[in-house]
Amino acid sequence: MSENNRLGVFKTYKLYVGGKFPRSESGRVYEVTDSKGAWLANVPQSSRKDARDAVVAARKAFGGWSGATAYNRGQVLYRVAEMLEGRKEQFVREVAASEGLSKSKAAVVVDAAIDRWVWYAGWTDKIGQISGGANPVAGPFFNLSTPEPTGVVAVLAPQKSSLLGLVSVIAPVIATGNTAVVIASADAPLPALSLGEVLATSDVPGGVVNILSGATAELAAPLAAHQDVNAIDLTGAGAELAKELEIAAADNLKRVLRPLPAEADGSDPSTGWLAAPGTHRLTAFLETKTVWHPTGALGASGSSY
């Protein structure tokens, strides 16, 4: 059969929940188009039950992931960068179509997303050095503060930065031992759903990252009110939705991360996330555990430890 007569094989996009690729339990899909309105794909329109299932998967994965060594988590994040590097051409096409960028600009964004994974991989076993340590106290005590992960984090991905912004909000959450339920950009979900395929082949345990596509407000509301979600990142929410979600999140004292001005959806999607990320997202979803321990005397000399 000649190449001209061959039928193309269209990609089927699915959710990524618990290390598997389900369709939405509701059976709904919606059309995704490029910046010029041309059809790109049909993607699952997640339901509230899909969001609850994702929370269950994230909670199940939390014990093993938070209990892994920081060094091991860094190795896993670096492996994600390796696998993303191998599929760079696919992501350049998807980012270009999703964000209306030229291929050269999309390539810059994809390279930055890969580098962002490497950057956060390097922080996994170092963040404890800047967010914890020994505290000076008056008295015969050791006083040590150590950071610990918060738990399950609901992440509203940026609406306009479909890959670099997405990576920039996911990587710090899991680098610090948390698990994530991610709501992808409603209008540009393709890079996020493809990222699920990368995560599935990158040694990331199933359930550590769960990716949903669909209407952000529809999915964010049950996550903000969910009693087993410990924190929420409001980056992809507009001002009105963010206010509603903050009220719902207060019911079980969730940690709430509000985006910095440079991370707001009004920024240029091709440049707004290219700046050095800093450590504020690493520390946003960490709890500080402080332990007091009495010192004691050693022998007749009276020296202490």
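For the structure itself, consult the block above.
Residues numbered from 1 in each chain as written. Predicted model: local features only at pLDDT ≥ 70, side-chain atom pairs only at ≥ 80, totals over all residues. Heavy atoms only, no water.

Q: Before we go on, may I ask you to explain the overall build of the chain in this structure?
A: Scanning the chain for helices and strands turns up 10 helices and 12 strands. Its C-alpha atoms put the chain at 95 × 40 × 35 Å along the principal axes. Buried residues in the chain amount to 48% of all 305 residues. Contacts in the chain between residues at least 24 apart in sequence constitute 77% of all its contacts with a sequence separation of at least 6. Carbon and sulfur atoms make up 56% of the accessible area of the chain, which amounts to about 14,100 Å² in all. Between the mean site of the 28 positive side-chain charges and the mean site of the 29 negative ones, the chain shows a separation of 3 Å. (Helix = DSSP H or I, 4+ residues; strand = E, 2+ residues; numbered from the N terminus. Buried < 20%, exposed > 50% of the residue type's maximum accessible area, 1.4 Å probe, protein only. Contact = heavy atoms within 4.5 Å. Areas by Shrake-Rupley, 256 points an atom, 1.4 Å probe, with all protein chains shown as cover. Lys, Arg positive; Asp, Glu negative; His and termini not counted. Charge placed at Lys NZ, Arg CZ, Asp CG, Glu CD.)

Q: Looking at this structure, how should I read the sheet that holds strand β7 (residues 209-212)?
A: Sheet strands pair by backbone hydrogen bonding; their relative direction is either parallel or antiparallel. The strand order β7-β6-β5-β8-β9 describes an open sheet built from five strands, whose pairing is parallel. Lying at the two open borders of the sheet, with one neighbouring strand each, are β7 and β9 (255-257). Neighbouring strand axes in the sheet, compared pairwise and without regard to direction, differ in orientation by 15° on average. Two elements, strand β5 (residues 152-156) and strand β6 (residues 179-183), share five bridges in a ladder whose sense is parallel. Among the inter-strand pairings, V155 is bridged to a residue of β6, identified as V182. Set on the sheet, helix α6 (residues 164-175) makes contact with β5, β6, β7 and β8 (231-233); between it and β6 the angle comes to about 160°. (Pairing = 2+ DSSP bridges. Axes fitted to C-alpha atoms, helices over the stretch in contact; angles between N-to-C directions.)

Q: Help me understand the side chain of S47, please; the structure alone is not making it clear to me.
A: If you trace the backbone, S47 turns up in the loop between β2 (39-44) and α1 (48-67). A distance of 2.6 Å separates polar atoms of two side chains, one belonging to S47 and the other to E25. (Polar contact = N/O pair within 3.5 Å; in protein donor to acceptor, adjacent residues only side chain to side chain.)

Q: Help me understand the pairing of β2, please; the structure alone is not making it clear to me.
A: On any regular strand, side chains alternate: one points to one face of the sheet, the next to the other face. Where strand β1 (residues 29-33) and β2 come together, five bridges link them in antiparallel fashion. Within β2, the residue paired with Y30 across the bridge is V43. The turn joining β1 and β2, which pair antiparallel and follow one another in sequence, is formed by five residues; a positive phi near 90° is taken by G37.

Q: Any chance you could explain the side chain of S162 here in plain terms?
A: On the secondary structure map, S162 appears in the loop between β5 and α6. Judged by its relative accessible area of 2%, S162 falls in the buried class. Looking at S162, its side chain comes within polar contact range of the side chain of E99, at 2.7 Å.

Q: What is the right way to look at unusual backbone geometry in this model?
A: Comment: phi is negative for the bulk of residues other than glycine, and the bulk of peptide bonds are trans. Positive phi outside glycine occurs at D203, with the angle close to 70°. Among the structural elements, D203 can be located in the loop between α7 (190-200) and β7. Residue classification places D203 among the exposed positions, given a relative accessible area of 56%. One non-glycine residue with positive phi stands out, namely L253, at about 55°. Here L253 lies in the loop between α9 (239-249) and β9.

Q: Would you take a moment to explain the nonpolar core for this structure?
A: Ranked by size, the top nonpolar core spans 61 residues in total, and within it W117, V182, L199 and I211 carry the most contacts. The residues touching V182, leaving out its near neighbours within four places in the chain, are V155, A157, L166, I170, V209, N210, I211 and L212. By size, the runner-up hydrophobic cluster in this structure holds 25 residues, among which are L156, V181, L212 and A220. (Core = buried A, V, L, I, M, F, W, Y, C linked by side-chain atoms within 4.5 Å.)

Q: Looking at this structure, I do not really get the pattern of salt bridges. What am I missing?
A: Side-chain pairs of opposite charge can arise whenever the charged atoms involved come near each other. In this structure the tally under the stated criterion is 12 salt bridges. K88 is paired through a salt bridge with E85; the nearest N and O atoms lie 3.1 Å apart. Accessibility expressed as a relative area gives 39% for E85, which makes it partly exposed. The residue E287 makes a salt bridge to R255 at a minimum N-O spacing of 2.9 Å. Remark: R255 occurs in strand β9 and E287 occurs in strand β10 (residues 286-294); sequence separation between them is 32 residues. Accessibility expressed as a relative area gives 34% for E287, which makes it partly exposed. (Salt bridge = Lys/Arg side-chain N within 4 Å of Asp/Glu carboxyl O.)

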